[in-house]
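# Structural overview
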Amino acid sequence: MKLEKLASLVNTKGRKPATLAQIEEFERNIGYKLPKDYAHFLTLTVGGQLTPAPFYKLGSLYEGVLCLLGLDDKEKPSPEDSLKEEIKNPGFYPLPSGLLNIGSDTSGNPISICLTEDRFGEIFINDHELFSFDNDLKETIEEAEEYGLAMLVAPSFSSFIEMLALYNKDME
């Protein structure tokens, strides 16, 4: 799938995408730079639910992408599709260190992007059934991969988007 096609599937609810200045401010607030391909996506759409949901393949299974988060242009961002809200009030599932939640799949698994230098830009699916709810325990990405919490699905956001496809009969 092409980036512009993916952006066209997002229900923006009339909101405007982020400006470069808003992206730079967000990066300063979180203390990390965003990968360029993901930052470019944020300039195309504000984030939200994808209709219809595109699918990616993980092993032998197909999974839909329910929503992708964006940078809301309003003073009070929408909690269900805003990166700002995700940073202020992290989702129910604590992610391994260095991962930023950027969306969720149709099974409720967080989709995240790595912001650490050694694995910068990699895309992970995080199995919501394997999360630790001990707030003091922040596992590394490598530890999370070892027991199946974090599964690498693409080396970059661009690669992840290229994997996405709309439903077809070959997926059955």
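Look a little higher up for the structure.
Residues numbered from 1 in each chain as written. Predicted model: local features only at pLDDT ≥ 70, side-chain atom pairs only at ≥ 80, totals over all residues. Heavy atoms only, no water.

## Considerations on the overall build of the chain
For clarity, the threshold we go by: Segments assigned H or I by DSSP are reported as helices when at least four residues long, segments assigned E as strands when at least two residues long, and all are numbered from the N terminus. Only protein chains enter the accessibility calculation, which uses a 1.4 Å probe; a residue is then buried when its area is under 20% of its type maximum, exposed when over 50%, and partly exposed in between. Contact criterion: two residues are considered in contact whenever any of their non-hydrogen atoms come within 4.5 Å of each other. All accessibility values rest on the Shrake-Rupley procedure with a 1.4 Å probe; residue burial counts only the protein chains present in the view.
In terms of regular secondary structure, the chain is built from six helices and seven strands. Taken from the N to the C terminus, the helices and strands of the chain come in the order α-α-α-β-β-β-α-β-β-β-α-β-α. With 172 residues in all, the chain has 48% of them scored as buried. Of the contacts formed within the chain by residues at least 6 apart in sequence, a portion of 60% connects residues at least 24 apart. Taken as a whole, the chain presents about 9100 Å² of accessible surface, with 52% of it coming from carbon and sulfur.

## Concerning the side chain of Glu122
Here is the rule: As used in this structure description, the phrase polar contact means that two N or O atoms lie within 3.5 Å; if the pair is within protein, one of them must be able to donate a hydrogen and the other to accept it, and residues adjacent in sequence are counted only when both atoms belong to side chains.
Following the sequence through the fold, Glu122 ends up in the loop between β5 (110-114) and β6 (123-126). Residue classification places Glu122 among the buried positions, given a relative accessible area of 16%. Polar side-chain contacts of Glu122 include one of 2.7 Å to the side chain of Arg119. Filtering out sequence-adjacent residues up to four positions away, Glu122 remains in contact with Ser112, Ile113, Cys114, Leu152, Ala154, Pro155 and Ser156.

## A look at the environment of Pro54
Following the sequence through the fold, Pro54 ends up in the loop between β1 (48-49) and β2 (55-58). The spatial distance from the C-alpha of Pro54 to the C-alpha of Met1 is 8.8 Å, given a sequence separation of 53 residues. When near neighbours in sequence (up to four residues on either side) are disregarded, Pro54 contacts Met1, Leu6, Leu9, Glu63, Gly64, Val65, Leu164, Ala165 and Leu166.

## Some details on helix α2 (residues 20-30)
Keep this limit in mind: Arc definition: directions from the helix axis to the C-beta atoms.
For α2, the set of buried residues is Ile23, Phe26, Glu27 and Ile30. Considered in projection along α2, the buried side chains sweep an arc of 100° and stay on one side of the axis. For α2, the exposed residues set more than 90 degrees away from the buried face come down to Ala21, Arg28 and Asn29. Positive backbone phi, at 80°, marks Gly31, one or two positions downstream of α2.

## As for the side chain of Asp105
Relative to the helices and strands, Asp105 is located in strand β4 (residues 99-105). Here the side chain of Asp105 touches Asn109 through a polar contact of 2.9 Å, landing on its backbone nitrogen. Not counting chain neighbours up to four residues away, the residues in contact with Asp105 comprise Tyr56, Glu63, Gly64, Val65, Leu66, Ile111 and Ile125.

## Regarding the pattern of salt bridges
We apply this condition: We define a salt bridge as a contact between a side-chain nitrogen of Lys or Arg and a carboxyl oxygen of Asp or Glu at a distance within 4 Å.
Tallying each qualifying case throughout the model produces two salt bridges. Note that Lys33 and Glu27 form a salt bridge whose closest N and O atoms lie 3.3 Å from each other. Taking relative accessible area as the criterion, Lys33 reaches 55% and is therefore assigned exposed. The salt bridge involving Glu122 is made with Arg119; its shortest N-O contact spans 2.7 Å. Each member of the pair, Glu122 as well as Arg119, is classed as buried.

All quantities given are derived from atomic positions and should not be read as evidence of function.
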